[in-house]
Amino acid sequence: MSKPDPDRYKLAADNRKARFNYEIKETLEAGIALQGTEIKSLRGGKATIGESYAGPMGEELFLFNAYIPEYLEANRFNHEVRRPRKLLLHRREINKLMGAVQREGMALIPLKVYFNAKGRAKVELGLGKGKKLHDKRETEKTRDWNRDKARIMKSGGA
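What you see is a predicted model, and the numbers here were worked out from it, not measured in a lab.

## What to know about the overall build of the protein chain
Consideration 1: Helix and strand counts for the protein chain come out as four helices and seven strands.
Consideration 2: Listed by position from the N terminus, the elements making up the protein chain come as β-α-β-α-β-β-β-α-β-β-α.
Consideration 3: Projected onto the principal axes, the alpha-carbon positions of the protein chain cover approximately 65 × 40 × 25 Å.
Consideration 4: Within the protein chain, the fraction of its 158 residues that count as buried is 35%.
Consideration 5: In the protein chain, of all internal contacts separated by at least 6 residues, the share reaching a separation of at least 24 is 68%.
Consideration 6: Accessible area for the protein chain stands at about 10300 Å²; split by element, carbon and sulfur atoms hold 50% of it.
Consideration 7: A gap of 2 Å separates the mean positions of the 34 positive and 21 negative side-chain charges of the protein chain.

## Digging into the side chain of S41
Consideration 1: Position of S41 relative to the elements: it lies in helix α2 (residues 36-43).
Consideration 2: Beyond its immediate sequence surroundings of up to four residues, S41 is in contact with K46, I68, P69, E70, Y71 and H79.

## So, helix α3 (residues 91-104)
Consideration 1: For α3, spanning 14 residues, the distance from its first C-alpha to its last is 19 Å, which sits close to the expected 20 Å at 1.5 Å a residue.
Consideration 2: Taken together, the buried positions of α3 are I94, L97, M98, G99 and A100.
Consideration 3: Where α3 is buried, its residues contact β2 (22-32), β3 (53-57), β4 (60-64), β6 (107-115) and β7 (121-130).

## Notes on the pattern of salt bridges
Consideration 1: In total, this model carries nine salt bridges according to the counting rule given.
Consideration 2: Residue D144 pairs with R147 through a salt bridge whose shortest N-O separation is 3.2 Å. Here D144 pairs with R147, and both are found in helix α4 (residues 133-155), just three residues apart, close to one helical turn.
Consideration 3: R147 sits in the partly exposed class, given a relative accessible area of 43%.
Consideration 4: Look at the salt bridges and you will find they share partners, linking E38, R83 and R85 into a network.

Definitions and cut-offs
Residues numbered from 1 in each chain as written. Predicted model: local features only at pLDDT ≥ 70, side-chain atom pairs only at ≥ 80, totals over all residues. Heavy atoms only, no water. Helix = DSSP H or I, 4+ residues; strand = E, 2+ residues; numbered from the N terminus. Buried < 20%, exposed > 50% of the residue type's maximum accessible area, 1.4 Å probe, protein only. Contact = heavy atoms within 4.5 Å. Areas by Shrake-Rupley, 256 points an atom, 1.4 Å probe, with all protein chains shown as cover. Lys, Arg positive; Asp, Glu negative; His and termini not counted. Charge placed at Lys NZ, Arg CZ, Asp CG, Glu CD. Expected span 1.5 Å × (residues − 1). Salt bridge = Lys/Arg side-chain N within 4 Å of Asp/Glu carboxyl O.

This is the structure:
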């Protein structure tokens, strides 16, 4: 799937450590079923998805452990901050992802929560495997080398 254009969406939450801890093979966009107070709170941008994950519950996929703070103006009609939230996908996509998670031992990691151009809340999910410690070190070495290389090229190679 194509990556969302950063000019056309508003970021609500970002999982920055996901690409460091997991080797992401494929990404896809999913809708998320939210209550009204959750949408209001997400627009404030204080949500965190660093410790969250997606997984099956029955025949559906849910987002677990995502923290969306209470909306202060909602009074007693507020939402539960860490409740499981249903992901909105086509049946074929759900079956494919559930098969990858159950048979191949892959993980479904939420990478971003954002509002698309129409104002709808979306989750960018990554399907990947957890990295071992030596893989993380290799990733860090490569990133450091690329940063140093860019610095050398910018200074004129001297």
